[in-house]
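Below, each chain spelled out in residue letters.
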Amino acid sequence: MYISSIEIQLSYADTDMMGVIYHGNYVKWIELGRTKLIEDVGYNYLDMEKSGYYAPVYNLEITYKKSIKYGDKVIVKTWVEENKNLRTIYGFTIVNGEE
């Protein structure tokens, strides 16, 4: 199984008043990871759409285990859990550092 990795550049604007990354940013990071995976395996998102293939998000489940703070190193790891017919299920993990 191929696992794509992308490091996320954090900005102070991504934080709340306590310096903790706002939880809504994780969804954006997951999409960046999914796009990176698609590119890593040799596809281009826009070219796929021009060819009539779309990848809408139907369901998203996130479990927050530990806060990420401004200054931390964030890595998003993404892989394909299942791919059948018209449905692809992606797996992902967001880690603080190289965990």
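It should be noted that the structure appears before, not after, this text.
Residues numbered from 1 in each chain as written. Predicted model: local features only at pLDDT ≥ 70, side-chain atom pairs only at ≥ 80, totals over all residues. Heavy atoms only, no water.

Remarks on unusual backbone geometry
- At asparagine 85, a residue that is not glycine, the phi angle is positive and equals roughly 50°.
- On the secondary structure map, asparagine 85 appears in the loop between strand S2 (74-84) and strand S3 (87-96).
- For asparagine 85, a relative accessible area of 77% corresponds to the exposed category. (Helix = DSSP H or I, 4+ residues; strand = E, 2+ residues; numbered from the N terminus. Buried < 20%, exposed > 50% of the residue type's maximum accessible area, 1.4 Å probe, protein only.)

Observations concerning the nonpolar core
- By size, the foremost hydrophobic cluster in this structure holds eight residues: Ile8, Leu10, Ile21, Tyr26, Trp29, Ile68, Val74 and Val76.
- Secondary-structure elements contributing two or more residues to this core are helix H1 (25-40) and S2.
- If near-sequence neighbours (up to four positions away) are discounted, isoleucine 8 is found in contact with Trp29, Leu32, Val74 and Val76. (Core = buried A, V, L, I, M, F, W, Y, C linked by side-chain atoms within 4.5 Å. Contact = heavy atoms within 4.5 Å.)

Comments concerning the layout of surface pockets
- Computed from the structure, the largest pocket encloses a volume of approximately 1100 Å³.
- Arg34, Arg87, Thr88, Ile89 and Tyr90 are, among the 31 residues lining the largest pocket, the residues nearest its centre.
- Elements that contribute at least two residues to the lining of the largest pocket include exactly H1, S2 and S3.
- Partitioning the lining of the largest pocket into residue classes produces 20 nonpolar, six polar and five charged.
- When its volume is computed, the second largest pocket comes out at roughly 370 Å³.
- Lining the second largest pocket are 15 residues; nearest its centre among them are Thr63, Tyr64, Lys65, Thr93 and Ile94.
- A total of five residues in the lining of the second largest pocket trace back to one element, the largest contributor, which is S3. (1 Å grid on protein atoms, 1.4 Å probe; cavity = no way out; pocket = protein on both sides within 12 Å on 5 of 7 lines; lining within 4 Å. Points joined across faces, edges and corners; volume = space filled by probe spheres on them. Nonpolar A, V, L, I, M, F, W, Y, C, P; charged D, E, K, R; others polar.)

Description of the pairing of S2
- Pairing between strand S1 (residues 4-8) and S2: five bridges, direction antiparallel. Across the sheet, the residue bridging to isoleucine 8 is valine 74, located in S2.
- Here S2 runs beside S3; their pairing, made up of ten bridges, is antiparallel. When the bridges of S3 are listed, lysine 77 appears paired with threonine 93.
- Between the antiparallel neighbours S2 and S3 lie two residues, among them asparagine 85 with a positive phi of about 50°. (Pairing = 2+ DSSP bridges.)

Without other data, these values stay purely geometric and don't point to any function.
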